[in-house]
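A look at the structure
Chain by chain, the residues:
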Amino acid sequence: LTAYDLEELKTWASRVLEKLSTLAGIVDVNSDQMTNGKQVFVMIDRDAAARLGVSPAMIDDTLYSAFGQRQIATMYTALNQYHVVMEVAPKYWQRPETLKDIYLFSTNNKQVPLSVVTTSNVSNTLLLVNHQGQFPAVTISFNLLSGYSLGHAVDMITHALEEIKAPATIKGSFQGTAQAFQKSLTSQPLLILAALVAVYIVLGILYESTIHPITILSTLPSAGIGAMIALMITRTDLSIIAVIGIILLIGIVKKNAIMMIDFALALERNRHKSSIASIYEACLLRFRPIMMTTMAAILSALLLALGSGVGSELRKPLGISIIGGLIFSQLLTLYTTPVIYLSMERVSAWLNQRRKKQPTSLSAA
């Protein structure tokens, strides 16, 4: 939390801290705001000081000599020099009653107790004022109970700040892990879209086709759904690591369709077989390599999902998402890929016929 006014920040930080302590799933709510310090205000009775011959400058100098860093001399030795600082004994620093033991010299060289010409008031104050940029700031930290995700906590905190109706001068922003989570959410759609575009361009160049890359990419939704189902079954949060696993599936899952479609296109172009015969033979001959590569990937990810020890909480979501996506996509793509391939072949043939008819109609015109 940041604000322009320190007192306003102090007031609203305690309210936000109290509100977050009531949210379900959020524990260990703490603040770095230290408000239990003590300060003493010394107020001068100018009438009494003038009557006794004590000026405000004398009071200020005396207090600085007692509690400040007034240098009164310098001691020189053969190797070094030492500054002599005058102050009261350290045992008197911790109690405001010391002010009653301080005496002043008036203009007529008489000693006047400080308590006669001043009054003091003890109050709370901040021991430390943190800053974020150029503004005073307060950091409120929290932990999560098991079963609660960071995304859910971020939504609850944002809603809680709206409920207490903090003024516009109080600015709240997430830091640390929560900030990294928010940044990842904003960049993930663009990252996935860029990955899909890159894959489409590479496959289009490889197969010299604008249609069949779509056939290969059609296997990806089933992988994402399978990863989400696996995370739900194991009650694992959709963390950044789990999202990385889903992105990895973009490169792993499409190899099933590549094995079949690459073989089918080779038969169709080189042996001039029909689309149905080509994809049928591709499904039969490429079934074993597809199963072998899928099982190799699943067994390698199984070690991540079942591993324990230091850092296992980071590796488990990665393994679970990969296993779930591979199993679910394997069950579907063996059946859906041939169907989509034949549908795309019909679309490609229809587009080719449209292109052939257009020059004929133009020449006749």
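Residues numbered from 1 in each chain as written. Predicted model: local features only at pLDDT ≥ 70, side-chain atom pairs only at ≥ 80, totals over all residues. Heavy atoms only, no water.

**Considerations on the environment of Leu248**
Inspection of the secondary structure assignment puts Leu248 in helix α9 (residues 240-270). Classification of Leu248 as partly exposed rests on a relative accessible area of 41%. Here the alpha-carbon distance between Leu248 and Ile322, two residues 74 residues apart in the chain, equals 7.7 Å. Once residues lying within four places of it in the same chain are set aside, the contact partners of Leu248 are Leu318 and Ile322. (Helix = DSSP H or I, 4+ residues; strand = E, 2+ residues; numbered from the N terminus. Buried < 20%, exposed > 50% of the residue type's maximum accessible area, 1.4 Å probe, protein only. Contact = heavy atoms within 4.5 Å.)

**Focus: the pattern of salt bridges**
Following the criterion strictly, the structure yields three salt bridges and no others. Two residues, Lys19 and Glu163, come together in a salt bridge whose shortest N-O distance is 2.9 Å. In this pair, Lys19 sits in helix α1 (residues 6-20) while Glu163 sits in helix α5 (residues 150-163), placing the two residues 144 residues apart along the sequence. Owing to a relative accessible area of 42%, Glu163 belongs among the partly exposed residues under this scheme. As a salt-bridge pair, Glu281 and Lys273 come within 2.5 Å of each other at their nearest N and O atoms. (Salt bridge = Lys/Arg side-chain N within 4 Å of Asp/Glu carboxyl O.)

**A look at the packing of α1 against α5**
To characterise two packed helices, one gives the angle between the axes of the helices and the distance between these axes. Two numbers describe how α1 lies on α5: the axes approach to 10 Å, and their chain directions differ by 130°. Judged by the inter-axis angle, α1 sits oblique to α5. Of the two possible hands of crossing, α1 and α5 adopt the one that is right-handed. Contact residues: α1 offers Val16, Lys19 and Leu20, while α5 offers Ile157, Ala160, Leu161 and Glu163. (Axes fitted to C-alpha atoms, helices over the stretch in contact; angles between N-to-C directions. Parallel < 35°, antiparallel > 145°, perpendicular 65-115°, else oblique. Left-handed = near helix turned anticlockwise from the far one by under 90°.)

**As for the side chain of Lys255**
By secondary structure assignment, the location of Lys255 is in helix α9. Here Lys255 sits buried without a salt bridge, and the closest side chain of opposite charge, Asp262, lies 14 Å off (N-O distance). Within the structure, the side chain of Lys255 is placed 2.6 Å from the side chain of Thr294, a separation counted as a polar contact. Setting aside anything within four residues of it in sequence, one finds Lys255 in contact with Ile290, Thr293 and Thr294. (Lys, Arg positive; Asp, Glu negative; His and termini not counted. Polar contact = N/O pair within 3.5 Å; in protein donor to acceptor, adjacent residues only side chain to side chain.)

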